[in-house]
Amino acid sequence: MKRHLLSAADLSRDDAELVLQTAAELRSLADRPIKKLPALRGRTVVNLFFEDSTRTRISFEAAAKRLSADVINFSAKGSSLSKGESLKDTALTLEAMGADAVVVRHGASGAPHRLAHSGWVRSSVVNAGDGTHEHPTQALLDAFTLSRHLGRGKAGSLDGRRVAIVGDVLHSRVARSNALLLATLGAEVTLVAPPTLLPVGVDTWPVETSYDLDAVIPKADAVMMLRVQRERMNGGFFPTPREYSRRYGLDGRRMATLQEHTIVMHPGPMVRGMEISADVADSDRSVIVEQVTNGVAVRMAVLYLLLGGAQPGGEE
Ligand code: NCD
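(A) Looking closely at empty space enclosed by the protein. Scanning the model with the defined rule gives one cavity of 30 Å³ or more in all. Size it by volume and the largest cavity reaches roughly 40 Å³. What lines the largest cavity is L26, R27, L29, A30, R66, T293, V296, A297 and M300. Those elements that provide at least two residues to the lining of the largest cavity are α1 (13-27) and α11 (288-307). The element that contributes the greatest number of residues to the lining of the largest cavity is α11, accounting for four residues. Of the residues belonging to the lining of the largest cavity, the class tally is six nonpolar, one polar and two charged.

Structural data, given as structure tokens:
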């Protein structure tokens, strides 16, 4: 593995499989009464969040704590960032505190890359979502969830599995990271969106594209719904929310056209009634809550592998 995890493209197939295997070993901890291992004892993980987050921040915090690392949570609100402090000065502060890993979420695409390659910090940098660019640990947890449900053979291979990623691809760092990682792992990805919500240059991604949800989902093994990111839009991407839901939302009627084994995923936060109806989100095909649980194991694996901790069993 490389020293930083900035993009799903940083992961070779071997790297990605190693993360997934390590996560599988660590996943069993979630079912034990005592969820802690000493692997990263004495190490410091800083969660640096410049953008709102519920799941991802809590998930990294839980992951680091379960490996016994010291965790410092730093969010932009209430810090000197709101006084105009720069990313560089923040980074120098972290360095002075001896961070071993910095987990960063930022509204600007490329911010984690800047942090990793500026020479400001010596720590490993993990991208927890940058602008509309990438969110590699989300893609890893999605791949992990897919492989638990659809994986073939002992290694849980996704070779030839069909995944439909549906909705606001244009603004979605989750979609980009998933497209890259799932292709690396041998899955066949189809992006489904209105033409206005597909990015320029999508023809260079390792995916198929479609504007027709009803044509794609009966063939899919998994359907991943994306939130419409209205905070990143200045209007005009689709006529009305109702029209959007009618063409690109997953409701009970559409769910009935899925194959029996097909699972429904969503990275959260969901807007029920928009991209996904409440009955679908709460149905037994939905693995949305399990994605959150798996997220902790996958982030433990990432921190563990990047920081070169002791054996998961606890030997130093
Ligand atoms: C996503 C994100 O922040 O990129 N959520 C997440 O990390 N689980 C997707 C979104 O905000 O819609």
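(B) Spatial organisation of the pattern of salt bridges. Counted according to the given criterion, the structure contains 16 salt bridges. Of the charged contacts, one joins D10 and K2 as a salt bridge, the two residues approaching to 3.6 Å between their closest N and O atoms. Among the residues examined, D10 registers a relative accessible area of 17% and is labelled buried. R272 is the partner of D282 in a salt bridge, and the nearest nitrogen-oxygen pair spans 2.9 Å. Here the residue D282 occupies a position in the loop between α10 (278-281) and α11, and R272 occupies one in the loop between β9 (263-265) and α10, the gap between them amounting to ten residues.

(C) Looking closely at the domain arrangement of the protein chain. By the assigned domains, the protein chain splits into domain 1 (8-135 + 292-314) and domain 2 (136-288). On a C-alpha basis, the centroid separation for the pair domain 1 and domain 2 is 25 Å. Listed per partner, the contact involves 32 residues of domain 1 and 29 residues of domain 2. When the buried surface of domain 1 facing domain 2 is broken down by residue, R13, T132 and H135 rank first, second and third, together holding 26% of it. Connecting domain 1 to domain 2 are three salt bridges. For the side of domain 1 that touches domain 2, the secondary-structure elements that each account for two or more residues are α1, α2 (55-66), β3 (101-106), β4 (124-130) and α11.

Rules used in this analysis
- Residues numbered from 1 in each chain as written.
- Predicted model: local features only at pLDDT ≥ 70, side-chain atom pairs only at ≥ 80, totals over all residues.
- Heavy atoms only, no water.
- 1 Å grid on protein atoms, 1.4 Å probe; cavity = no way out; pocket = protein on both sides within 12 Å on 5 of 7 lines; lining within 4 Å.
- Points joined across faces, edges and corners; volume = space filled by probe spheres on them.
- Helix = DSSP H or I, 4+ residues; strand = E, 2+ residues; numbered from the N terminus.
- Nonpolar A, V, L, I, M, F, W, Y, C, P; charged D, E, K, R; others polar.
- Salt bridge = Lys/Arg side-chain N within 4 Å of Asp/Glu carboxyl O.
- Buried < 20%, exposed > 50% of the residue type's maximum accessible area, 1.4 Å probe, protein only.
- Domains from an automatic or database assignment.
- Contact = heavy atoms within 4.5 Å.
- Buried area = accessible area lost by both parts, 1.4 Å probe.

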